[in-house]
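Observations on the three-dimensional arrangement
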Amino acid sequence: MAGYDNTTHSAWMGVQAYPTSRAEVFANLAWNRADATITNFAYDGGPYAAQLVGLDYALQSAEMAGFSNLRFTRVGLNGGLNVRVSNPLVVNVTVDYSKYDDQDPYLFTVTGRYLQIFGGVTWLF
Amino acid sequence: MRSRCTFVVAAAVAIIGLGQPLAAQPPAPSSAPPPPPAAQGIVSIGGAGVSTDGYQGRVAEYQVTDRDALASLKALIWGEKNGFRYDLSAFTGGDARNQNYAAYVDIKRVLKAHVTYRSLPHRLDHDPLDYLDAGASAGGTFIVQHDDTDPTAAYEMRYGDLESGVDITLKNITFFLGHERQTRGGTHQVMTVAHCATCHTVAFTKKYQEVTETLTAGARLTMSALTAEYTFANRDYEDRGANPLYQYDNAVQPATLQNIFLNRVQYDDANGLMPVSVDPSIRKYSNTLRARLSVADASLTGTFTQAHTENTDQNLAYDYTGGFTRLFVPLGTRMSLKADFRRYTLDNDSVFVDVVEQTTPEGLSAGKTYTQAFPAAFPATFDFVRNSSMNRTPTEFGVELGARPAARTFLRFGYGWQAIEREYYEVEKTTTNTLYVAGRSALGKHANTRFRVQFEDTKDPFLYERAAIPAVLQPFPSPGTPASPLTGLQYYTMYQSRQADLTSFPTTSLFIEGLLTATPNDRLAITGHYRWRDSQNDDLNFSEWGRTTSSPGIDVWFAADEKWALTAGYVFQKETLDTLFSTLAFSG
């Protein structure tokens, strides 16, 4: 018998505030964590192999038992400011940030970072 | 009504898109709202700076990140005058891959028309294939290997969707016509495998240009108690891209490299360049008839659909014919009865497969096909008729009793029966009985709760018969110098001797979920929720299968005063899967 266990944690928090009648500030934080592993799979094909130079043999070794394991964390932050400078005019700024941390790469490492800063003006008529 | 909703949604989308959830909302209308203005709208201009690093397929899977800065423009205008309503919106994110346009028109509720277009990028994964290496000690030539012909390629698809429709209402009949054109273009990774001499996986970059066009037309009749609708739909799909070409490996004995394996494959290098990853053109049409009859608070609805889907390159097709009906009857003021019935048939063409049976040029079997070389193991030819496991007739019946035993308390008791009859698959019939009870209730003025408990019992669930654990047919190495660690069995004898059935479907499944929300005052709400499912199959002949999922969570909303509010939450999920796992060395 073999198996596959996985756990995920997701937590988030958001704050929205109106310091004045014409301004709004908001911030959202999200944290996700996922762990997964093959269980009870004791496979080692290494003793049966002749290994040629230049080939990796990942699936012909004990490494196969943990080949698709997962240990991954993502942190996301979104925040911004909206200011109504006059009745038809609103100025806004937002920041989006995400950080991906792949601690057990599978096929390829998906560690990375994304940052976007946006500024704009909105006219209502 | 739809146009008014559209106006609200469009405004909300514009505001959210600019990150201003509340500040720009107009004041709430008074009790006697003035007539709507002929024109109002929103215009937004902005710019975004983007910085990324790492694997773009995750950090920016659907974003344009080719340039550090992008300008954006969004404009919405809507209004109403003399029964003419319109709603126009346009957004461009500074790149052709990030656009969204929509136009809605309503003329005195007689003619309604719309057209929308949106596009977005989607980055696609690139499998490095570098785990596909393996070998046996038999001469150092019996290996699994790979080749990625474009190892630095970054794959991306651009999605586009142009959709339009018009409704014309003449008294109690509405005629409607719609058209949708979806496009997916770009590059993605495709693979093929050459067997004999080695298991050789080769990856290519394929340029593709998929176009799916759907045309719908129909009419809807509305009478006092009866509504009936007929819809015809036609969908065509084709890939206008070019297929990669590949010359497969020479089929030789993997260890000795003798030219004796040609009769085990249908093609090898002698066939020259051959196309890889060919997507056939598909045509589908359907006829759908819907009807609803309402008498007092009772209703009877029904749907009948007949559809035909055809691979027009190969003239292969399958048909869907099915119907669904639902009866709802109130039983007094505190109870109701709902009954559903559904039955459909999938009928896929059987196909005669004319296998190319080549003869081997050398060795003891020279001049013979594979079946001629092993006449005791196989029939005279590998030609066969492929009868589809897709052919099936599912029948479903469900009945639900609803009750309101107390104020703001609702309970539902249900029973469902489903039978899936398969024409050709080994599991000829699967039967599932389902029982459930669900409810929701207000617990005083400061709490409410919701729950559902469901149990399913399945007889003969879908499984793969004789999928694993081949019998030990030769418990000693084959002779040779050096001695092979593998037995001298042919791979087909191992496959044919498999004994264990495998599945990923349960015979019993229990599902429980509950939710409790407490609101001690107007500024605080706390919700706890829990979901649990346990599925087991203990009817397999060699093993048991099971999957258990547990997921608790909590949400909190708190508003200290009129100036700020906080939301927070946490969800945990744990899933455990147990199954028999068995693999053959080198899959033969």
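About the cut-offs
- Residues numbered from 1 in each chain as written.
- Chains lettered and ligands numbered in written order.
- Predicted model: local features only at pLDDT ≥ 70, side-chain atom pairs only at ≥ 80, totals over all residues.
- Helix = DSSP H or I, 4+ residues; strand = E, 2+ residues; numbered from the N terminus.
- Buried ≥ 20, exposed ≤ 12 C-beta atoms within 10 Å, placed from the backbone.
- Contact = placed C-beta atoms within 7 Å.
- Nonpolar A, V, L, I, M, F, W, Y, C, P; charged D, E, K, R; others polar.
- Pairing = 2+ DSSP bridges.
- pLDDT = per-residue confidence, 0-100.

Take the overall build of chain A next. Per the secondary structure count, chain A includes zero helices and five strands. Mapped from its N terminus to its C terminus, chain A presents α and β elements in the order β-β-β-β-β. Sorting the 125 residues of chain A into buried and exposed places 15% on the buried side. Of the contacts formed within chain A by residues at least 6 apart in sequence, a portion of 56% connects residues at least 24 apart.

Turning our attention to the overall build of chain B. Broken down by element type, chain B carries four helices and 29 strands. Out of the 588 residues in chain B, the part that is buried amounts to 15%. Partitioning the intrachain contacts of chain B with sequence separation of at least 6 by distance along the chain shows that 61% fall at a separation of at least 24.

One non-glycine residue, Leu107(A), adopts positive backbone phi at about 70 degrees. Considering the arrangement of structural elements, one finds Leu107(A) in the loop between β4 (89-102) and β5 (112-124). One non-glycine residue with positive phi stands out, namely Leu129(B), at about 65 degrees. One can find Leu129(B) in the loop between β5 (111-124) and β6 (134-135).

Let us look at the interface of chain A and chain B. The accessible area lost on association of the parts is a frequent measure of interface size. Between chain A and chain B, the residue contacts involve 60 residues of the former and 60 residues of the latter. Within the residue set of the side of chain A that touches chain B, elements represented by two or more residues are β1 (2-20), β2 (23-39), β3 (70-86), β4 and β5 of chain A. Counting residues per element, the side of chain A that touches chain B draws most heavily on β1(A), which supplies 18 residues. Across the side of chain A that touches chain B, the residue classes tally to 33 nonpolar, 22 polar and five charged. In the sheet, β5(A) pairs with strand β1 (residues 40-54) of chain B via 13 bridges, with the strands oriented antiparallel. In the sheet register, Gly120(A) faces β1(B), and the bridge partner there is Gly46(B).

Moving on: the pairing of strand β10 (residues 199-222) of chain B. Residues and elements named next belong to chain B. Where strand β7 (residues 143-148) meets β10, five bridges bridge the pair, whose relative direction is parallel. Bridge assignment links Gln145 to a residue of β10, and that residue is His200. In this structure, the hairpin formed by strand β9 (residues 173-194) and β10 is closed by a connection of four residues, where Cys196 is found at a positive phi of approximately 55 degrees. From the end of β10 to the start of strand β11 (residues 226-239), which pair antiparallel, there are three residues.

As a further point, take the environment of Glu400(B). Counting through the fold element by element, Glu400(B) comes out in strand β20 (residues 392-406). The contacts of Glu400(B), once residues within four sequence positions are left out, are Lys338(B), Arg412(B), Phe413(B) and Gly414(B).

Here we come to the pairing of strand β23 (residues 447-459) of chain B. Residues and elements named next belong to chain B. Sheet topology note: the strand β22 (residues 429-442)/β23 ladder contains 12 bridges and is antiparallel. Within β23, the position partnered with Ala438 by the bridge is Arg452. Between the end of β22 and the start of β23, which pair antiparallel, lie four residues, with Gly444 showing a positive phi angle near 75 degrees.

This next bit is on the environment of Gln145(B). Residue and element names in this part refer to chain B. As for its placement among the helices and strands, Gln145 is situated in strand β7. Its 19 C-beta neighbours within 10 Å are what place Gln145 among the partly exposed residues. Counting along the chain gives 22 residues from Gln145 to Asp167, while the straight-line C-alpha distance between them is 58 Å.

Here we take up the environment of Val556(B). All names here are of chain B. With respect to the helices, strands and loops of the structure, Val556 is situated in strand β28 (residues 545-561). Overall, the presence of 15 C-beta atoms within 10 Å leaves Val556 in the partly exposed class. Separated by 425 residues in the primary sequence, Val556 and Tyr131 place their C-alpha atoms 45 Å from one another.

This part is about the confidence of the model for chain B. All names here are of chain B. Mean pLDDT for chain B: 89, with 89% of residues reaching 70 or above. In this model, residues 1-26 is a region of pLDDT below 50 whose contacts with residues beyond four sequence positions or in other chains number 46 contacts. Taken over the whole predicted complex, pTM reads 0.87, whereas the ipTM for its chain interfaces reads 0.92.

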